Structure formats: structure tokens, C-alpha cells
Amino acid sequence: MPSMTLPLIMEERPLLPTRPSPHERDGRQPSEPTGRPHPGQRVGTEVLRRVVDAEIGPRGVGAIYQNVDGAFEVLAAVRDPEQATGLLRRRAGWALIVKDVLQPGSEPFAIGSVWTTSDHLVREAPAAVGGQCSKCGGWFEGWSGGVCDACKQGPRA
Ligand SMILES: [Zn+2]
């Protein structure tokens, strides 16, 4: 009988394209104008990120998914634990802001339910929510693409 619980690390699920984290949005770093990726430096953060990725599943911003409760469009993904905890009013590491697409005009609301086999992706999140560096191949959320700052600055030194 197939288990309904998701393993934390899913080795069989194809991983998302590698995303170095140019801007960690955990509020502990001063924000830099643009990202300078240093993949592999923050191992703990990276592991946590993979767990969160597995729990969120394919529900990127712009994705629409369906389950027994209805069909929902993902408006925002909150990966800041403090903010997520505030949104869900319980301890949480992440939250999604979704809108019920079957009920036009309904208020967006926060959810923190883990992606399971009873959820079905109706529409994939558009790929255009980020950009890939044409030099190092790094993928950055909310970036229009081109050559990232690290690649622009790096080799000249
Ligand atoms: Zn680059």
C-alpha cells in the first residue's frame, strides 16, 4: 500500500533546476542590490531549502493546483519562517498565499499544507519568474536574465 506521507528528501522526484541563492530572504542579511551567488556555502540553509522545496512541491508562483478542497492559484510563496508563522498562526517554515480560482472575487488566503499525491497541478508556474545567467547557469528568482553580477565582476580580479 502506497504511503500517503511524503518523505522529507525525495530522491526519486526530479529536482528543480539548481538554484544558487543569491539573495537569502531570511532577513538576517542586509539586502544587496543584486545577487552574488556563493553556492554551497550555507549547507544547513540549503538542506532546509530542499525540505521546503519538497513540501511546497510544484506550487511556484503562478501555478494552479487542485485537490478535494478546490482549485487554487499560487500568488506568493513565503519562505521566511517568521512571516509564515504569522500568516498561518502556527509554527511554520513556509506558507503559500493562494486564491480560490473557482470562486472569483474570493479573498486570497495563506496555506501551509504539504504537497501530497492528492494534489494535482493544473497549470505549471510560468518559467519567467526568474532568469538564468548565460555564463554560470545560475538561476535567480525575480531576475530578468543576462549575465549575473558575480560573473560580470569575477574574472577581472
Ligand atoms: Zn553567472
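All of these numbers come straight from a predicted model, not from anything done at the bench.

S.K.: So what exactly am I meant to see when it comes to the environment of Ser118 here?
M.R.: For Ser118, the position within the fold is in the loop between strand E4 (109-111) and strand E5 (120-123). The contact partners of Ser118, leaving out residues within four places of it in the chain, are Asn67 and Val68.

S.K.: I tried to follow the nonpolar core on my own but got confused; where do I start?
M.R.: The nonpolar side chains of soluble globular proteins are, as a tendency, buried together. Grouped together as the largest cluster of nonpolar side chains are 13 residues, with contacts concentrated most on Val74, Ala77, Val78, Ala84, Trp94, Ala95 and Leu96. Elements represented by at least two residues in this core include exactly strand E2 (70-78), helix H2 (81-88) and strand E3 (95-100). For this core, the leading source of residues is E2, giving four residues.

S.K.: What should I look at first to understand the sheet that holds E4 in this one?
M.R.: The strands making up a sheet associate through backbone hydrogen bonding, with each pair oriented either parallel or antiparallel. With antiparallel pairing, the five strands of this open sheet are ordered in space as E4-E3-E2-E1-E5. Across the chains shown, the open sheet's two edge strands, defined by having one partner strand only, are E4 and E5. Across the sheet, the mean angle from the axis of one strand to that of its neighbour is 45°, orientation sign disregarded. Two elements, strand E1 (residues 64-67) and E5, share three bridges in a ladder whose sense is antiparallel. Counterpart to Tyr65 in the pairing with E5 is Leu121.

Rules used throughout
Residues numbered from 1 in each chain as written. Predicted model: local features only at pLDDT ≥ 70, side-chain atom pairs only at ≥ 80, totals over all residues. Helix = DSSP H or I, 4+ residues; strand = E, 2+ residues; numbered from the N terminus. Contact = placed C-beta atoms within 7 Å. Core = buried A, V, L, I, M, F, W, Y, C linked by C-beta atoms within 7 Å. Buried ≥ 20, exposed ≤ 12 C-beta atoms within 10 Å, placed from the backbone. Pairing = 2+ DSSP bridges. Axes fitted to C-alpha atoms, helices over the stretch in contact; angles between N-to-C directions.

These results come straight from atomic positions and should not be treated as a statement about function.
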